[in-house]
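Residue-level structure breakdown
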Amino acid sequence: VRVDVAMTPLELTAASLHGRTAVVIDVFRATTTIAAALWNGARAVVPFGELDQAVQSARQFERDTVLLAGERLMHAVDGFDLGNSPAEFTPDVVRGKTIVLTTTNGTRAFHASDAAAEVFVGSFVNQAATTVALVEALEAGRELVLVCAGSNGTASLEDSVCAGAFVAAIREALPILELNDAAQMCERLARDVWTDPTALGRAAEHGRRLTAAGFGDDVAQCLCVDAFPVRAVYRDRAITAMNVPHDVEILGA
Ligand code: MLT
């Protein structure tokens, strides 16, 4: 079984994704927010890289069925319904809605992973649920690529540690793993250095930037392991939950 980590989406090629299972990781905050939205009953999250694409897409929906969400420079975009704070995506707000989401790095990382056979959503908040899906994929003979969204083309600590935590968790189920160098580095980081993810908020550059901008509560929420235990898949350009919560009725087909 082979597991690779891409420290940023820039490393990805069609060949490195072909036939493989990918997981997109953007701990601060896109994949955490997506997990929160889906766990709290959103019908789907549709990721876009560009603002105008997101606005155009949202116009295709009945107004009361869609929420336009996202950030630029961390802050909610003028005229949008929501920003990119997981705490905004409560059941009352998102239940049954399609969320059209655009963020700086995370949503683009999904599009960069389009050539994979299947793509999951990974973060600390849905670590155990996603690990089950990844182990199943590996057992079915698929190779795995953990795609760290990073920050504007550079590696980020929180995504690297989260990728390493996935590698470590997979190893519990499948002892023999063939890892690329980045996967080995990330696993070491998660096992030997950052065993407590909550401390990442102060160490990681984007954690400090978010805190300075007034989003310290988001940072703390993004580091809560298994807080939104959704197994979410990106397929046909939309992200949906595979294990919706028992008390949520997803509306529409
Ligand atoms: C991103 O996609 O770059 C992020 O989620 C940024 C953020 O909102 O903190």
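This section reports on the structure supplied with the text.

About the criteria used
- Residues numbered from 1 in each chain as written.
- Predicted model: local features only at pLDDT ≥ 70, side-chain atom pairs only at ≥ 80, totals over all residues.
- Heavy atoms only, no water.
- Near = heavy atom within 4 Å.
- Polar contact = N/O pair within 3.5 Å; in protein donor to acceptor, adjacent residues only side chain to side chain.
- Areas by Shrake-Rupley, 256 points an atom, 1.4 Å probe, with all protein chains shown as cover.
- Salt bridge = Lys/Arg side-chain N within 4 Å of Asp/Glu carboxyl O.
- Helix = DSSP H or I, 4+ residues; strand = E, 2+ residues; numbered from the N terminus.
- Buried < 20%, exposed > 50% of the residue type's maximum accessible area, 1.4 Å probe, protein only.
- Arc of directions from axis to C-beta.
- Contact = heavy atoms within 4.5 Å.
- Core = buried A, V, L, I, M, F, W, Y, C linked by side-chain atoms within 4.5 Å.
- Axes fitted to C-alpha atoms, helices over the stretch in contact; angles between N-to-C directions.
- Parallel < 35°, antiparallel > 145°, perpendicular 65-115°, else oblique.
- Left-handed = near helix turned anticlockwise from the far one by under 90°.
- Nonpolar A, V, L, I, M, F, W, Y, C, P; charged D, E, K, R; others polar.
- Phe/Tyr/Trp six-rings, centres within 6.5 Å; stacked < 30°, edge-to-face > 60°.
- Lys NZ or Arg CZ within 6 Å of the ring centre and 35° of its normal.

**So, the site of the ligand**
Around the ligand lies a shell formed by Asp 26, Phe 28, Arg 29, Ala 30, Glu 71, Asn 84, Thr 103, Thr 104, Asn 105, Gly 106, His 206 and Leu 210. For the ligand, an oxygen atom lies 2.6 Å from a polar atom in the side chain of Thr 103. Here an oxygen atom of the ligand sits 2.7 Å away from a polar atom, N or O, in the side chain of His 206. About the coverage of the ligand: the protein hides 98% of its 270 Å² of free accessible area.

**Points about the pattern of salt bridges**
Scanning the model with the defined rule gives 13 salt bridges in all. When the shortest N-O distance is used, the salt bridge between Asp 4 and Arg 2 registers 3.0 Å. The shortest N-O distance in the salt bridge between Arg 29 and Asp 218 comes to 2.8 Å. Of this pair, Arg 29 sits in the loop between strand E2 (21–25) and helix H2 (30–39) while Asp 218 sits in helix H11 (residues 216–222), placing them 189 residues apart in sequence. Comparing Arg 29 with Asp 218, the two get one shared label, buried. Overlapping salt bridges, with partners in common, bring together Arg 2, Asp 4, Arg 20, Glu 143 and Glu 178 in one network.

**Focus on helix H10 (residues 205–212)**
Helical geometry note: an α-helix holds 3.6 residues per turn, so side chains three or four residues apart project in the same direction. Where H10 is concerned, the buried positions are His 206, Gly 207 and Leu 210. Along the long axis of H10, the arc covered by the buried residues comes to 105 degrees, so they all point the same way. Of the residues in H10, the exposed ones pointing more than 90 degrees away from the buried face are Glu 205 and Ala 212. Buried residues in H10 make contact with helix H7 (157–173), helix H9 (200–203) and H11. Gly 214 sits one or two residues past H10 and shows a positive phi near 95 degrees.

**Notes on the nonpolar core**
Side chains of a nonpolar character, in soluble globular proteins, are inclined to be buried together. Ranked by internal contacts, the top residues of the largest apolar core, which has 40 residues, are Val 5 and Leu 146. Contributions of two or more residues to this core are made by strand E1 (2–6), E2, helix H6 (127–139), strand E8 (144–148), H7, helix H8 (181–193) and H11. Looking at this core, the element that brings in the most residues is H7, giving seven residues. When sequence neighbours within four positions are dropped, the list of residues in contact with Leu 146 reads Val 3, Asp 4, Val 5, Ala 6, Val 23, Ile 25, Leu 134, Ala 163, Phe 166 and Val 167. Core analysis: the next-biggest nonpolar cluster, separate from the first, contains 33 residues, Leu 38, Leu 82, Phe 110 and Ala 232 among them.

**So, the packing of H6 against H7**
Relative orientation of the contacting elements H6 and H7 amounts to 55 degrees, with a least axis distance of 10 Å. Judged by the angle between their axes, H6 and H7 are oblique. At the point where H6 passes H7, the crossing takes the right-handed sense. Every residue of H7 that contacts H6 at Gln 127, Thr 130, Thr 131, Leu 134, Val 135 and Leu 138 is listed here: Ala 165, Phe 166, Ala 169, Ile 170 and Ala 173. Its residues assigned to classes, the contact of H6 with H7 comprises eight nonpolar, three polar and no charged.

**Remarks on the packing of aromatic side chains**
Evaluation of the coordinates by the stated rule reveals one aromatic pair. The cationic tip of Arg 29 hangs over the ring face of Phe 215; the distance from NZ or CZ to the ring centre is 4.6 Å.

**Describing unusual backbone geometry**
The linkage connecting Phe 28 with the following residue, Arg 29, adopts the cis geometry, with an omega of 0 degrees. For Asn 152, which is not a glycine, the phi torsion comes out positive at approximately 45 degrees. With respect to the helices and strands, Asn 152 occurs in the loop between E8 and H7.

Function cannot be inferred from these measures alone, as they are strictly geometric.
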